[in-house]
Amino acid sequence: MLRLKKGFIVAVVAALFMALAACGKSTETTSSSGSEKETKQKITVGTDAAFAPFEYMEKGKVVGFDADLLDAVMKEAGLDYELKNIGWDPLFASLQSKEIDMGISGITITDKRKQSYDFSAPYFEATQVILVKEGSPVKNALDLKGKTIGVQNATTGQEAAEKLFGKGEHIKKFETSVVAIMEMLNGGVDAVITDNAVANEYVKNNPDKKLQVIEDPDNFTSEYYGIIFPKDSDLKAKVDEALKNIIENGKYTEVYKKWFGIEPNIENLKQ
Ligand code: ARG
């Protein structure tokens with residue numbers, strides 16, 4: 001008797017839950033029903049805003065090349081969105097759990113990431129570089145052998161360092177690239193491996209820190225940034241279409257020039 005009762009309650013609760021879930025769903029997806037009065041849904045975009053000039057905080061707002069590019073893409077696509085600074089590791093976790101709909105954060109398109117996420121077409125070409133103090137004996141990547149290297153956790157900078165010297169204590173992982181650089185300034189690591197535009201921006205903005213950027217195309221190959229989505233997101237097609245349009249109509253060039261002061265090499269993105 002008691003058993004039966006319990007089963008009954010469980011069933012009622014489950015039914016209630018299902019009904020509630022269905023309710024939520026139907027309001028969320030009104031826009032795809034094809035009805036004329038579409039309820040516009042705000043798309044949540046995540047980023048790690050400690051990566052100037054791509055994304056950083058200014059007066060409580062995320063600004064940078066990625067922020068402007070995202071704005072241009074979403075306007076072109078007619079999508080309403082909100083860009084949130086949630087941090088690097090949480091960004092990937094939130095995509096997995098679909099707490100966010102997409103991410104833009106100077107994210108390199110890699111085969112490994114492609115197994116778990118979808119990417120837009122590439123929107124920026126980058127490479128890893130080494131950041132050291134002026135006068136450092138390090139002249140190329142191989143000179144880092146036996147030295148401690150700072151990287152942002154779970155980035156292609158970490159991957160590049162591990163590819164050269166294997167995993168281990170010599171590679172120190174930090175929550176942001178900025179923290180890795182600060183650690184080098186404090187003597188905690190000998191060098192930092194990070195993305196070229198970010199290293200250049202830091203050096204430019206902090207002349208008093210007396211740092212230098214070392215390029216090494218033999219050891220660091222080209223990488224391409226893409227906007228990231230959970231697997232099989234229907235946003236990818238819309239974003240790709242909009243990205244293509246703004247590359248063709250000159251809006252991309254405008255944003256690129258604003259942040260980098262030079263013309264982009266659009267041909268590089270068309271592969
Ligand atoms: N491009 C590198 C990667 O994808 C680093 C990106 C870091 N971006 C950031 N906003 N912290 O691994």
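Procedures and definitions
- Residues numbered from 1 in each chain as written.
- Predicted model: local features only at pLDDT ≥ 70, side-chain atom pairs only at ≥ 80, totals over all residues.
- Heavy atoms only, no water.
- Helix = DSSP H or I, 4+ residues; strand = E, 2+ residues; numbered from the N terminus.
- Buried < 20%, exposed > 50% of the residue type's maximum accessible area, 1.4 Å probe, protein only.
- Arc of directions from axis to C-beta.

S.K.: Can you walk me through unusual backbone geometry in this structure?
M.R.: Most peptide bonds take the trans configuration, and most residues that are not glycine carry a negative phi. With omega at 10°, the peptide bond leading from Ala52 into Pro53 counts as cis. Inspection of the secondary structure puts Pro53 in the loop between strand S2 (50-51) and strand S3 (55-58). The phi dihedral of Lys59 falls on the positive side, at around 50°, and the residue is not glycine. Structurally, Lys59 can be placed in the loop between S3 and strand S4 (61-63). For Lys59, a relative accessible area of 83% puts it in the exposed group. With phi around 50°, Lys210 is a residue other than glycine that occupies positive phi space. Along the chain, Lys210 falls in the loop between helix H7 (196-205) and strand S12 (211-214).

S.K.: Where do I start with helix H3 (residues 88-96) in this structure?
M.R.: Inspection of H3 places Trp88, Leu91, Phe92, Ser94 and Leu95 among the buried residues, and these make up the whole buried set. Seen end-on, H3 carries its buried residues on one side only, within an arc spanning 165°. Downstream of H3 by one or two residues, Lys98 has phi in the positive range, about 60°.

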